[in-house]
Amino acid sequence: MKADPKGVLTGSHFIDGDHACAEGALAAGCRFAAGYPITPSTEVVERLASRFPTVGGIFIQMEDELASSIAILGAVWGGAKAATVTSGPGFSLMMEHIGLAVMTETPCVIVNVQRGGPSTGLPTLPGQADMMQARWGSHGDYEIIALSPDSPQECFDLTISAFNLSERFRVPVFVMMDECVGHMIERVVIPDPDEIEIVPRRLTDVPRGGEYLPYRLDGDLIPPMTHAGMGHYPHITGLTHDERGYPAMNAETQDTLVRRLCDKILKNADDIIEIREDGVDGADIVVVSYGITSRVCLPAIREARAKGLKVGWLRLVTVWPFPDRLIRELAGRVKALVVPELNLGQVYYEVERCAQGQATTHLVPHAGGAVHDPEDILRVIEEAAR
Amino acid sequence: MSRTELRISGFGGQGVILSGMIIGKAAAIFDNKHATMIQAFGPEARGSACSAQLSISEEPIRYPYIHRPDILIALNQDAYTRFEPELKDDGLLIYEEDLVDLRPDQRPTIRTCGIPATRIAEELGRKIVLNIVMVGFFTAVTGLISPEAIREAVRDTVPAGTEEFNLAALEKGLRHGMNVSANT
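Residues numbered from 1 in each chain as written. Chains lettered and ligands numbered in written order. Predicted model: local features only at pLDDT ≥ 70, side-chain atom pairs only at ≥ 80, totals over all residues. Heavy atoms only, no water.

Notes on the overall build of chain B
Check the secondary structure of chain B and you find six helices and six strands. Over its C-alpha trace chain B gives a radius of gyration of 15 Å, about what one expects of a compact globule, namely 16 Å for 184 residues. For chain B, the proportion of its 184 residues judged to be buried stands at 56%. Approximately 8,000 Å² of chain B is accessible, and the part contributed by carbon and sulfur atoms is 52%. In chain B, which carries 19 positive and 24 negative side-chain charges, the distance between the mean positions of the two groups comes to 2 Å. (Helix = DSSP H or I, 4+ residues; strand = E, 2+ residues; numbered from the N terminus. Rg over C-alpha atoms; globule rule 2.2 N^0.38 Å. Buried < 20%, exposed > 50% of the residue type's maximum accessible area, 1.4 Å probe, protein only. Areas by Shrake-Rupley, 256 points an atom, 1.4 Å probe, with all protein chains shown as cover. Lys, Arg positive; Asp, Glu negative; His and termini not counted. Charge placed at Lys NZ, Arg CZ, Asp CG, Glu CD.)

Structure representation (structure tokens):
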């Protein structure tokens, strides 16, 4: 299905990543957002708040992030596509309801414009230290999807992808921006609505009053949904539930449900995962990066290549699910993997895990508050080459 | 090299970020080049140090940061003191001449162009357009973007109803810049 022209601001714009993210949400059909404005994500909700009235959408500034993150779940079961936007401490407060979204299979998008942490940390300065929180922040076993844009254009494009993936897999999808990308201003080209592919919600075809079981599978691992008002009166709960949606708190139901929640992502991982690469074939060393860091490492790679080293650039557009197989196979072909990130080691340990000792792995840590000096990345590339 | 790097700095409230927005938009939207702008600001609003980094290029810009700019636009003394040393030896310094005193030992290899942008804006009737005067001056002195593109960018960026006033301020800056260019 194509995008609703009402929400699509076709044309070339010189805007920052936050504004581009808001336009991506509008283009994707998002018509409800709830949030508690927090730097450096505030511009996203500011733009949604001013644009929504022109497309029939609603933005509510809630009392806090707990309320924001559950208001969107209600909106989704009411029939809307919905998102919330936050940073740092706000993301921590949302964890409970992210788990509820996973368990109830409520498609929604959560944007985190990462800043330096822990706690209130560095409100106006960048970090990439919430990557593991996005993966594991809520309790229990689950799989989620997280995308990492590196430009305002991608803040637009990947926010649309996030909505599409959330509908396809009935899972919360994270757009893991960072302050740099959020506040960076570049040209953002918004295409015509008929060039924007939108995944509609997959709704049950059980008629009003018919026997609809909210978690009965229909051909794949993702059950069709219903909405309030469609006449099905489903029971939706965060408790372990059977296909009727009723609590069934025993090991057998738990095993079936939790395995399916994970499998619907893991078995489609190849389809979900997106990467970008340059010069990886034939490289001895590959720099694995994501978000702003994938642009900051480029001068280091250029310099290393000028010194005769064979260095490749691999960028994770999808960070979760992690591209296990890809990194494992890559590690079998190269000497070393170098991972710069604006934290003291998060995605690095995933790379190390997948490398299984076939290649050496090298972290280029940074506590956040700025980006790496490319010289620091170059130094580690040179160490890795020895 | 086809890439030009520019830093604009001044007090919060002088229109630093908007200046960068307008120049970047002129380049990226109306001159069909590539432009990337990075803004740096603290939790404060007005009166604090404020700075924008802008790269303009014929090629796509991947590395977005600036270490040795080609051009510095200094709107106050602090901006000059802080950022002049990072300017390239053959760089261009554009400054608010009523608000910046050049050091006696200012590097002679750097081309310097001053304009009393605030005074010109006040004469027009509103000090707030000092940044637009400066943007016009920058356009004429550097030739980096076309006057048509900068006019379009101003029209497209300033609040509705203020277009004509801002365009008048822009023309003042452009003319001032053309005189300076003609005399050097």
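Observations regarding the interface of chain A and chain B
In this assembly, 20 residues from chain A lie in contact with 23 residues from chain B. Across the chain A to chain B interface the summed buried area is about 1,700 Å²; carbon plus sulfur atoms make up 60%. It is Phe14, Ile185 and Arg187 of chain A in chain A that bury the most area against chain B; as a group they hold 40% of the surface buried on that side. Our count for the chain A to chain B interface comes out at one salt bridge. Between arginine 62 of chain B and aspartate 150 of chain A there is a salt bridge, with the nearest N and O atoms lying 2.9 Å from each other. Between the two partners, chain A and chain B, sit nine residue pairs in polar contact (both at pLDDT 80 or more). Of all the secondary-structure elements, those providing two or more residues to the side of chain A that touches chain B are β1 (11–16), α8 (179–183), β9 (185–190), α11 (293–296) and α12 (298–306) of chain A. At four residues, β1 of chain A tops the list of elements feeding residues into the side of chain A that touches chain B. Looking at side-chain class alone, the side of chain A that touches chain B contains 11 nonpolar, four polar and five charged residues. Pairing of β9 of chain A with strand β2 (residues 34–40) of chain B, which is carried by two bridges, proceeds in the antiparallel orientation. Across the sheet, glutamate 186 of chain A pairs through a bridge with threonine 36 of chain B, a residue of β2 of chain B. (Contact = heavy atoms within 4.5 Å. Buried area = accessible area lost by both parts, 1.4 Å probe. Salt bridge = Lys/Arg side-chain N within 4 Å of Asp/Glu carboxyl O. Polar contact = N/O pair within 3.5 Å; in protein donor to acceptor, adjacent residues only side chain to side chain. Nonpolar A, V, L, I, M, F, W, Y, C, P; charged D, E, K, R; others polar. Pairing = 2+ DSSP bridges.)

Some details on the sheet that holds strand β1 (residues 4–11) of chain B
Read across the sheet, eight strands follow the order β1(A)-β9(A)-β2(B)-β3(B)-β1(B)-β4(B)-β5(B)-β6(B) without closing on themselves; strand pairing throughout is mixed. Whereas interior strands pair on both sides, the edge strands pair on one side only; in this sheet they are β1 of chain A together with β6 (111–115) of chain B. Taking the axes of each pair of neighbouring strands and ignoring which way they run, one obtains an average angle of 20° across the sheet. Here strand β5 (residues 92–96) of chain B runs beside β6 of chain B; their pairing, made up of five bridges, is parallel. Bridging across to β6 of chain B, tyrosine 95 of chain B finds its partner in glycine 114 of chain B. Helix-sheet contacts for helix α1 (residues 17–28) of chain A involve β1 and β9 of chain A, and the interaxial angle to β1 of chain A is about 130°. With respect to the sheet, helix α1 (residues 16–30) of chain B is in contact with β1 and β9 of chain A together with β1, β2, β3 (49–57) and β4 (71–74) of chain B, its orientation differing from that of β3 of chain B by roughly 10°. (Axes fitted to C-alpha atoms, helices over the stretch in contact; angles between N-to-C directions.)

A short note on helix α3 (residues 65–77) of chain A
Residues and elements named next belong to chain A. The first and last C-alpha atoms of α3 sit 19 Å apart over 13 residues, in line with the 18 Å expected at 1.5 Å per residue. α3 sits mainly inside the fold: 10 of its 13 residues count as buried. Among all positions in α3, only Glu65, Ala67, Ser68, Ser69, Ala71, Ile72, Leu73, Ala75, Val76 and Trp77 are buried. Tucked inside the fold, the buried residues of α3 contact β2 (30–35), β4 (81–86), α4 (88–93), α5 (95–104) and β5 (108–116). Capping the start of α3 is the job of one residue whose side-chain oxygen sits 3.1 Å from the backbone nitrogen of leucine 66: aspartate 64. Backbone geometry just downstream of α3 places glycine 79 in the positive-phi region, at approximately 115°. (Expected span 1.5 Å × (residues − 1).)

Focus: the packing of α1 of chain A against helix α2 (residues 42–55) of chain A
Residue and element names in this part refer to chain A. At a minimum axis distance of 8 Å, the contact between α1 and α2 shows a crossing angle of 35°. In this structure, α1 meets α2 at a crossing whose hand is right-handed. Residues Asp18, His19, Cys21, Ala22, Glu23, Ala25 and Leu26 of α1 touch α2, and the partners they reach there are Thr42, Glu43, Val44, Arg47, Leu48, Arg51, Phe52 and Val55. A breakdown of the residues in the contact of α1 with α2 according to their chemical character gives eight nonpolar, two polar and five charged. (Left-handed = near helix turned anticlockwise from the far one by under 90°.)

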